[in-house]
Protein chains: 2
Amino acid sequence: MAAGLPEPEPLRALIDALRGLPGVGVRTARRMAYHLLQHDPQGALRLGDALRDAVGGLRHCERCNSFSQTPVCATCENPERDASVLCVVETPADQNMIEASHGYQGLYYVLMGRLAPLEGVGPDQVRFAPLRERVRDGRVREVILATNFTAEGETTAYYLAEMLRECGVKVTRLARGVPSGSELEYVDAGTIAWALMERRPN
Amino acid sequence: MAAGLPEPEPLRALIDALRGLPGVGVRTARRMAYHLLQHDPQGALRLGDALRDAVGGLRHCERCNSFSQTPVCATCENPERDASVLCVVETPADQNMIEASHGYQGLYYVLMGRLAPLEGVGPDQVRFAPLRERVRDGRVREVILATNFTAEGETTAYYLAEMLRECGVKVTRLARGVPSGSELEYVDAGTIAWALMERRPN
Ligand SMILES: [Zn+2]
Ligand SMILES: [Zn+2]
């Protein structure tokens with residue numbers, strides 16, 4: 001217990017553990033702890049169980065590297081998906097977004113990260129070797145690079161394009177342009193510049 | 001699993017449980033879950049244990065209503081504190097702030113909430129009766145109302161002042177004024193108005 005501060009040990013430990021969540025500082029952690037203890041102890045116990053179940057029950061899919069309860073995930077096992085196209089994304093959240101577009105029937109590879117040289121995250125940390133193995137399965141014809149259009153995502157896409165070129169597959173990138181449904185007035189200049197460069201006959 | 005979205009059940013359950021934290025929406029919950037599973041499974045297990053320990057190991061102190069491992073907390077048991085003054089705060093965080101000021105030697109009562117008529121939180125929800133009992137212990141001479149200087153905190157202070165007047169104790173309120181160390185240019189007009197009204201000889 002800090003000098004003079006009346007914080008019992010289990011509360012201090014809980015606040016400390018909550019600070020391990022991304023974007024959660026000590027004030028937010030304290031507010032979360034008070035909320036759970038005062039208003040939602042059942043939710044706290046449910047979260048405790050969910051954490052244990054998820055850490056214990058999830059692994060990485062051997063084929064796509066996303067989280068899975070089984071050695072190979074349901075998406076990779078699905079015979080109706082087109083095994084000749086592989087979409088490479090940074091996170092399962094990105095994979096969800098592409099699924100939600102209902103515009104893709106191929107398979108995925110989830111990097112679970114991206115190159116970020118400024119943060120010291122290089123090719124050794126992201127582990128691209130399993131992707132190279134995956135692409136060499138003899139069925140993949142095209143790899144769609146769907147990393148983010150951020151500095152890190154672009155760096156990663158550039159690196160992957162170089163790496164995958166040697167595998168003898170077609171490598172493409174998601175199109176850049178003005179977001180569907182958006183007004184030009186509210187689109188940033190860089191996006192407009194890309195949309196102009198990559199304009200197409202209509 | 002939602003249609004087409006490849007989210008295994010333990011991951012979905014974890015994201016769902018994280019959404020129970022105050023201020024955490026589905027995107028933040030998903031980011032937290034990925035972070036824990038990918039980068040900090042030990043932290044996830046530690047958080048799970050801390051939640052269980054805190055829910056199971058903490059109760060409300062019988063005297064001050066704050067969280068405690070024992071029936072009466074260390075602060076209330078401390079014989080060096082002045083039992084004739086009772087400071088009423090909304091949360092343990094507020095209690096911590098007052099302790100950290102090193103300007104208070106009395107005891108506390110932690111409401112664990114405040115009146116918020118607009119949110120449907122009335123006197124029945126906050127349970128003021130134990131405070132009234134606490135104040136009638138024959139030792140308390142003064143109650144300092146240290147609820148927040150928000151609409152809800154002021155409403156609560158007003159209500160408590162009315163209630164405690166009947167208990168025959170002196171009821172005071174923290175002073176309002178310009179924050180120590182602040183430049184007037186950056187202080188809001190309402191605070192300046194209060195500081196003028198409550199000006200003192202220097
Ligand atoms: Zn898979
Ligand atoms: Zn106490």
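Predicted model, so just to flag it, every value in this text is computed and none were measured.

(A) Seen up close, the coordination of the zinc ion (ligand 2). All names here are of chain B. Taken together, Cys61 (SG), Cys64 (SG), Cys73 (SG) and Cys76 (SG) make up the full set of protein donors to the zinc ion (ligand 2), lying 2.2 to 2.4 Å away. Summarised as a motif, the one-chain spacing of the donors to the zinc ion (ligand 2) is C-x2-C-x8-C-x2-C. On the criterion of sequence distance, the pair formed by Cys64 in the loop between strand S1 (59–60) and strand S2 (67–68) and Cys76 in helix H4 (residues 74–77) is long-range, its members being twelve residues apart. Take Cys64 and Cys76: they sit in the same class, and that class is buried.

(B) Spatial organisation of unusual backbone geometry. You will see that Asn65 of chain A, though not glycine, has its phi angle at about 75°, which is positive. Tracing the sequence through the fold places Asn65 of chain A in the loop between strand S1 (59–60) and strand S2 (67–68). Residue class for Asn65 of chain A comes out buried when judged on its relative accessible area of 17%. Not every positive phi belongs to a glycine, and Arg127 of chain B is a case in point at roughly 60°.

(C) Local environment of the domain arrangement of chain A. What the domain assignment reports for chain A is domain 1 (8–42) and domain 2 (63–173). Once you take the C-alpha centre of each, domain 1 of chain A and domain 2 of chain A turn out to be 36 Å apart.

(D) Here's a closer look at the UniProt feature "domain: Toprim" (unreviewed entry) in chain A. Cross-referencing UniProt, the feature "domain: Toprim" (unreviewed entry) maps to residues 84–179 of chain A in the present numbering. End-to-end, the C-alpha atoms of residues 84–179 of chain A are 28 Å apart, and along that stretch the chain is 36% helix and 20% strand.

(E) Looking closely at the environment of Cys167 of chain A. All names here are of chain A. Secondary-structure assignment places Cys167 in the loop between helix H8 (151–165) and strand S6 (170–173). Taking the C-alpha atoms as reference points, Cys167 and Pro179, twelve residues apart in sequence, are found 32 Å from one another. Ignoring anything within four residues of it in the chain, the contact list for Cys167 reads Arg132, Val135 and Arg136.

(F) Region of the structure containing helix H2 (residues 26–39) of chain B. The end-to-end C-alpha distance of H2 of chain B, which contains 14 residues, comes to 19 Å, matching closely the 20 Å that a straight helix rising 1.5 Å per residue would cover. Along H2 of chain B, the residues that are buried comprise Ala29, Arg30, Met32, Ala33, Tyr34, Leu36 and Leu37 of chain B. Looking at the buried residues of H2 of chain B, the elements they touch are helix H2 (26–39), helix H3 (41–57), S2 and helix H5 (92–100) of chain A together with helix H1 (9–18) and helix H3 (41–57) of chain B.

(G) Examining the sheet that holds strand S6 (residues 170–173) of chain B more closely. Residues and elements named next belong to chain B. An order of S4-S3-S5-S6 is seen for the four strands of this open sheet, with the pairing classed as parallel. The strands lining the two open edges of the sheet, one partner per strand, are strand S4 (106–110) and S6. When strand polarity is set aside, the average angle formed by the axes of neighbouring strands in this sheet is 25°. For strand S3 (residues 82–89) and S4, the ladder comprises five bridges, and the chain directions are parallel. Residue pairing across strands places Val88 opposite Tyr109, the latter belonging to S4. Running over the sheet, helix H5 (residues 92–100) touches S3 and S4 and is turned about 160° from S4. Against the sheet, helix H8 (residues 151–165) contacts S3, strand S5 (142–145) and S6, and its axis sits at roughly 170° relative to S6.

So, how was this worked out
Residues numbered from 1 in each chain as written. Chains lettered and ligands numbered in written order. Predicted model: local features only at pLDDT ≥ 70, side-chain atom pairs only at ≥ 80, totals over all residues. Heavy atoms only, no water. Donors = N, O, S within 2.8 Å, 3.2 Å for Na, K, Ca; no water. Helix = DSSP H or I, 4+ residues; strand = E, 2+ residues; numbered from the N terminus. Buried < 20%, exposed > 50% of the residue type's maximum accessible area, 1.4 Å probe, protein only. Domains from an automatic or database assignment. UniProt positions renumbered as here; feature names shortened; annotations may be inferred. Contact = heavy atoms within 4.5 Å. Expected span 1.5 Å × (residues − 1). Pairing = 2+ DSSP bridges. Axes fitted to C-alpha atoms, helices over the stretch in contact; angles between N-to-C directions.

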